[in-house]
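Notes for the structure review
Now for the letters of each chain:
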Amino acid sequence: MKFKFKIQQYQTDAVENTVAVFTGQPSHGMAVYRIDPGKREKNFFDEEDYTGYRNHQLELDSPTLLKNINAIQNLYDITPSSTLAKGVGAVNLDIEMETGTGKTYVYIKTMFELHKQYGWSKFIVVVPSVAIREGVYKSLQTTQEHFAEEYGKRLRFFIYSSDRLAEVDRFASDSA
């Protein structure tokens, strides 16, 4: 059985508005860094590659981000924010929607659009409970084909477990 997804305008608007927060950000490929090998025993002849890939750094300054956010807030008669939330090198955005309206669909599609517009391909989804985690995981599985048809790419995803740290290594060392 194959699910057929109906594109909802309010979901598309939520995605477009989230992506618009970053208007002016140049599109880049992945940035390279060295993965910390931690306490692994490394022998002199070990040629293991510790190359990691991350999203390119946000280049927009705070006033530009705030201007972009205010423009979206003004579209929806939301009182404009006067400052950005404090965070260390981070932009904290919430997608707030009623239960059953497709938040998971919206943030999955937002990931694809952020990749398409800005080249970002590393995303971490944090959820508050095991039940929600399982629902999100099922949504990722169910929407896999739908988004592959729309974007020509598939998400690679996994549930974090401290028993399976090799998956975290794969996530860090994967440039896609």
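Below or above, wherever it landed, is the structure these notes cover. Not measured: the values here are computed from a predicted model.

The rules behind the values
- Residues numbered from 1 in each chain as written.
- Predicted model: local features only at pLDDT ≥ 70, side-chain atom pairs only at ≥ 80, totals over all residues.
- Heavy atoms only, no water.
- Core = buried A, V, L, I, M, F, W, Y, C linked by side-chain atoms within 4.5 Å.
- Buried < 20%, exposed > 50% of the residue type's maximum accessible area, 1.4 Å probe, protein only.
- Helix = DSSP H or I, 4+ residues; strand = E, 2+ residues; numbered from the N terminus.
- Contact = heavy atoms within 4.5 Å.
- Salt bridge = Lys/Arg side-chain N within 4 Å of Asp/Glu carboxyl O.
- Patch = residues over 30% accessible without salt bridge, like charges linked within 9 Å, V, L, I, M, F, W, Y side chains within 5 Å.
- Areas by Shrake-Rupley, 256 points an atom, 1.4 Å probe, with all protein chains shown as cover.
- Phe/Tyr/Trp six-rings, centres within 6.5 Å; stacked < 30°, edge-to-face > 60°.
- Lys NZ or Arg CZ within 6 Å of the ring centre and 35° of its normal.
- 1 Å grid on protein atoms, 1.4 Å probe; cavity = no way out; pocket = protein on both sides within 12 Å on 5 of 7 lines; lining within 4 Å.
- Points joined across faces, edges and corners; volume = space filled by probe spheres on them.
- Nonpolar A, V, L, I, M, F, W, Y, C, P; charged D, E, K, R; others polar.

This part takes up the nonpolar core. Val21, Phe22, Leu114 and Tyr118 are the most contacted members of the largest nonpolar core, which totals 14 residues. Broken down by secondary-structure element, the contributors of at least two residues to this core are helix H1 (9-20), helix H2 (62-75) and helix H3 (103-118). Residue contacts for Leu114: discarding those within four places in its chain leaves Val19, Phe22, Gly119, Trp120 and Phe123. Counting residues in hydrophobic clusters, the runner-up holds seven residues, among them Tyr105, Ile108, Phe112 and Leu140.

Counting through the fold element by element, Ser173 comes out in helix H5 (residues 165-173). Classification of Ser173 as partly exposed rests on a relative accessible area of 36%.

As a further point, take the pattern of salt bridges. When their charged atoms lie close together, side chains carrying opposite charge are able to pair. Evaluation of the coordinates by the stated rule reveals five salt bridges. In this structure, Glu167 and Arg164 form a salt bridge, with 3.3 Å as the shortest nitrogen-oxygen distance. A residue is classified by how much of its surface remains accessible, and Glu167, at 18% relative accessible area, is buried.

Tracing the chain through its elements places Gln144 in helix H4 (residues 130-151). With eleven residues separating them along the chain, Gln144 and Leu155 place their C-alpha atoms 6.9 Å apart.

So, on to a nonpolar patch on the surface. Residues Leu75, Tyr76 and Ile78 make up a contiguous nonpolar surface patch of about 330 Å² in total accessible area. Within the secondary structure, Leu75 sits in helix H2. Look at Leu75 and you get exposed, because its relative accessible area is 61%.

With that out of the way, let us pick up the packing of aromatic side chains. One pass over the full model with this rule turns up ten aromatic pairs. Ring centres of Phe112 and Tyr151 lie 4.8 Å apart, and the angle between their planes is 10 degrees; this geometry places the pair in the stacked category. Of this pair, Phe112 sits in helix H3 while Tyr151 sits in helix H4; the two residues are 39 residues apart in sequence, bridging distant segments of the chain. With respect to burial, Phe112 and Tyr151 carry one shared label: buried. Seen from their ring centres, Phe147 and Tyr151 are 6.3 Å apart, and the 35 degrees between their planes marks the pair as tilted. Here Tyr151 and Phe147 lie together in helix H4, a separation of four residues that amounts to about one turn. In this structure Phe147 comes out as buried when scored by relative accessible area, which is 1%. Under the relative-accessibility criterion, Tyr151 is labelled buried at 17%. Connected via pairs of aromatic rings, a cluster forms that spans Phe5, Tyr105, Phe112, Phe147 and Tyr151. Sitting over the face of the ring of Phe171, Lys122 holds its NZ or CZ atom 4.7 Å from the ring centroid.

By volume, the second largest pocket is sized at about 1000 Å³. Around the second largest pocket, the lining comprises 28 residues; the ones closest to its centre are Phe123, Arg156, Phe157, Phe158 and Phe171. Taken together, the elements giving at least two residues each to the lining of the second largest pocket come down to H3, H4 and H5. Of the residues contributing to the lining of the second largest pocket, the split by class is 18 nonpolar, two polar and eight charged.

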